[in-house]
Structure formats: structure tokens, C-alpha cells
Amino acid sequence: MNHIIAPSLLAADFTKLDKEIELFNESEAQWLHVDVMDGVFVPNISFGMMMLEAVNKLSNKFMDVHLMIVQPEKYIESFREAGADMITVHYEACPHLHRTIQQIKATGSMAGVALNPHTPVSVLEEIIKDIDLVLIMSVNPGFGGQKFIENALNKVQKVKQMIVQSGSSAKIEVDGGVSLQNAKSILDAGADVLVAGNSVYRASNPKAVISDLMKF
Ligand code: DX5
Ligand code: ZN
């Protein structure tokens, strides 16, 4: 199966966002990954639904929204209205995860669950068939440009097994520190979607890096 590349907007140059999105539109990447941070769930603040709405007007591709916020259930409908095609919430931020997943699906959006590096994949056993995406964090969430945590590869393998055994159709996304150097091992472990921030947007030729990431 062909994998998906999702450049992360967080690494784009915000002084020329229209150009950065234009570059993404012209590239082979299929998804745009948008990181929403609230300064509470993670020690950083990024952007919210107003920004997403503006970006959605310029982007013609699938909008992959990663909510690193507490109480995401308060804002699901707003993010959908702003243009989200996939809404991913953190397991660690959702005491009523099943309800939140149903809420996301009711808006017509696809639904994903993200796991922090310390969270075992086994917590998804009872919900794996209800979700469209498992996001394995390969850095601690909050910042771009961090070093890939190797144990993420074990987690990808485990979640792949769970998906196959349960008959779930969820895709596996890996987010954080993904580069041309480690992309192959991540895909070999079973990943379907690679998020790439710094390795794409900080490259001298981002479109070429996306194209190279597609080739594995
Ligand atoms: C980190 C974010 C990532 C980040 C990835 O909290 O979830 O999506 O933008 O950036 P890189 O690829 O630079 O690690
Ligand atoms: Zn992310």
C-alpha cells in the first residue's frame, strides 16, 4: 500500500504562509498536518481554528488536525467547521474517549487517537475498531525539531498487530523527528502516514524531500 506524507505546518515560515501552502499544494504530499497546542496539555501554544480556517482556504488537500489540548470535546465541531478532515485527540486528554470519538464521527470527520511516548498501545485494544487513525508520538508533544524516540518503532509494530488481529481499518501515523534517514525503518515497522515538519519545511528544496519520502 502506498504511504502518505503529511508535512507539518508548525515548521512552516509563518511570514509567508501562503507561499508555504502553495508549495505544499504543488508537492506530492497528500495530507497537511496541523498541530493545535493549548499551553496546558503541552508546554507550548501554536494556533487554533481561526488559523485552520484560513489555511483551509489556501490548501486543496486533506486536513489532518492533531489536537494537543485538554478537553478537546469542547471544540470538535469548531475544528470540523474550520475544515478538518481528520481530528485526532490524545488518549491522555480524554477520560471519555469512546464518547469523544463518536462526537468526532458525528461531525462527518474521520477520528484519530494519539499516544504519548510513555503510553502503551494496549490502551487502544477496546477502541481500535472504532477509529480511523492511531498517531504514535515519536517525540514528546509540544515542539518541532526534536530527536526521534526509537521505541516508537516497537509501538508501531505492536499496534499494527492489533489492527490486523482485530480487523480494524485504522491507519498508523508517526509524528516527530521523521526524516529521510529513518523513514524506511518507520514504514517497515508498519506505518502508513509520516508526519514531517523540520525535515521538509527547513530543507532547501522541500518538494524534493517530500518526493524522496514518497519513494520508500
Ligand atoms: C510535535 C508535533 C509534530 C511536529 C513534528 O508536538 O506534534 O507534528 O510538528 O515536527 P518535526 O517533524 O520537526 O519533529
Ligand atoms: Zn503533530
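First, a word on scope: everything that follows refers to the structure included in this document. (Residues numbered from 1 in each chain as written. Chains lettered and ligands numbered in written order. Predicted model: local features only at pLDDT ≥ 70, side-chain atom pairs only at ≥ 80, totals over all residues. Heavy atoms only, no water.)

**Let's talk about the overall build of the protein**
For step 1, the next point in the chain: Counting its secondary structure elements, the protein contains eight helices and eight strands.
For step 2, the next point in the chain: In terms of overall size, the protein behaves like a compact globule, its C-alpha atoms giving a radius of gyration of 16 Å where 216 residues would be expected to give roughly 17 Å.
For step 3, the next point in the chain: Along the longest, intermediate and shortest principal axes, the C-alpha atoms of the protein span 45 × 35 × 30 Å.
For step 4, the next point in the chain: Each of the 216 residues in the protein was classed as buried or not, and the buried ones make up 53%.
For step 5, the next point in the chain: Relative to all contacts within the protein whose residues are 6 or more apart in sequence, the contacts with residues 24 or more apart total 65%.
For step 6, the next point in the chain: Carbon and sulfur atoms make up 51% of the accessible area of the protein, which amounts to about 9,700 Å² in all.
For step 7, the next point in the chain: Charge separation in the protein, taken as the distance between the mean sites of 18 positive and 25 negative side-chain charges, equals 3 Å. (Helix = DSSP H or I, 4+ residues; strand = E, 2+ residues; numbered from the N terminus. Rg over C-alpha atoms; globule rule 2.2 N^0.38 Å. Buried < 20%, exposed > 50% of the residue type's maximum accessible area, 1.4 Å probe, protein only. Contact = heavy atoms within 4.5 Å. Areas by Shrake-Rupley, 256 points an atom, 1.4 Å probe, with all protein chains shown as cover. Lys, Arg positive; Asp, Glu negative; His and termini not counted. Charge placed at Lys NZ, Arg CZ, Asp CG, Glu CD.)

**Brief notes about the nonpolar core**
For step 1, the next point in the chain: L9, L67 and I136 are the most contacted members of the largest nonpolar core, which has 62 residues in total.
For step 2, the next point in the chain: A per-element tally of this core places helix α5 (residues 152-166) first, with six residues.
For step 3, the next point in the chain: Leave out the neighbours within four places in its chain, and I136 touches L115, V121, A152, K155, V156, V159, I172, E173, V174 and D175.
For step 4, the next point in the chain: In terms of nonpolar packing, the next biggest core, distinct from the first, is built from seven residues, I4, W31, M86 and V193 among them. (Core = buried A, V, L, I, M, F, W, Y, C linked by side-chain atoms within 4.5 Å.)

**Notes on the coordination of the zinc ion (ligand 2)**
Octahedral six-donor coordination of a metal ideally yields angles of 90 or 180 degrees, compared with 109.5 degrees for tetrahedral four-donor coordination.
For step 1, the next point in the chain: Of the protein atoms, only H33 (NE2), D35 (OD), H66 (ND1) and D175 (OD) coordinate the zinc ion (ligand 2), at distances of 2.0 to 2.3 Å.
For step 2, the next point in the chain: In this structure, the zinc ion (ligand 2) is surrounded by six donor atoms whose angles at the metal cover 70 to 171 degrees, and the resulting shape is octahedral.
For step 3, the next point in the chain: One chain supplies every donor for the zinc ion (ligand 2), spaced along it as H-x1-D-x30-H-x108-D. One end of the pair, D35, is in strand β2 (residues 31-37); the other, D175, is in strand β7 (residues 171-175), and 140 residues separate them in sequence.
For step 4, the next point in the chain: Taking relative accessible area as the criterion, D35 reaches 4% and is therefore assigned buried.
For step 5, the next point in the chain: A residue is classified by how much of its surface remains accessible, and D175, at 8% relative accessible area, is buried. (Donors = N, O, S within 2.8 Å, 3.2 Å for Na, K, Ca; no water. Tetrahedral: all angles 85-135°; square planar, octahedral: opposite > 155°, others 65-115°.)

**Looking at the site of ligand 1**
For step 1, the next point in the chain: With respect to spatial proximity, 20 residues lie near ligand 1, and among them S8, D35, G142, D175 and N198 are the closest.
For step 2, the next point in the chain: Between ligand 1 and S8, the relevant distance is 2.8 Å, taken from an oxygen atom to a side-chain nitrogen or oxygen of the residue.
For step 3, the next point in the chain: At 2.9 Å, a backbone N or O of G145 approaches an oxygen atom of ligand 1.
For step 4, the next point in the chain: In the complex, 99% of the free accessible area of ligand 1, which totals 380 Å², lies under the protein chains.
For step 5, the next point in the chain: Among the secondary structure elements, those contributing two or more residues to the shell around ligand 1 are β2, β3 (62-68) and β8 (193-196).
For step 6, the next point in the chain: Looking at the shell around ligand 1 element by element, the count peaks at three residues for β2.
For step 7, the next point in the chain: Looking at the shell around ligand 1, its residues break down into eight nonpolar, ten polar and two charged. (Near = heavy atom within 4 Å. Polar contact = N/O pair within 3.5 Å; in protein donor to acceptor, adjacent residues only side chain to side chain. Nonpolar A, V, L, I, M, F, W, Y, C, P; charged D, E, K, R; others polar.)

**Overview of unusual backbone geometry**
For step 1, the next point in the chain: The backbone of Q71 sits at a positive phi, close to 45 degrees, despite the residue not being glycine.
For step 2, the next point in the chain: With respect to the element layout, Q71 can be found in the loop between β3 and α3 (76-81).

**Looking at the pairing of β8**
For step 1, the next point in the chain: Side chains of β8 alternate between two faces, with V193 and V195 and L194 and A196 buried alike.
For step 2, the next point in the chain: Pairing analysis gives four bridges linking strand β1 (residues 4-7) to β8, with the strands arranged parallel. Directly across from I4, in β8, lies its bridge partner V193.
For step 3, the next point in the chain: Once you follow β7 into helix α6 (residues 183-189) and on to β8, the crossover reads as right-handed. (Pairing = 2+ DSSP bridges. Right-handed = clockwise from strand over helix to strand, strands pointing away.)

**Here we look at the pairing of strand β6 (residues 133-137)**
The two faces of the sheet receive side chains in turn, since in a regular strand these alternate between them.
For step 1, the next point in the chain: Burial analysis of β6 places five of its five residues in the buried class, which makes it a mostly covered element.
For step 2, the next point in the chain: Residues L133, L135 and M137 of β6 are buried on one face, and the alternating residues V134 and I136, pointing to the opposite face, are buried as well.
For step 3, the next point in the chain: Looking at chain direction, strand β5 (residues 110-115) and β6 are connected through four bridges and run parallel. Each residue of the ladder has a partner; that of A114, found in β6, is L135.
For step 4, the next point in the chain: The pairing of β6 with β7 spans five bridges and is parallel. Directly across from V134, in β7, lies its bridge partner I172.
For step 5, the next point in the chain: The parallel pair β6 and β7 is bridged by α5, and the resulting crossover is right-handed.

Take it as geometry only, folks, not as evidence of what the structure does.
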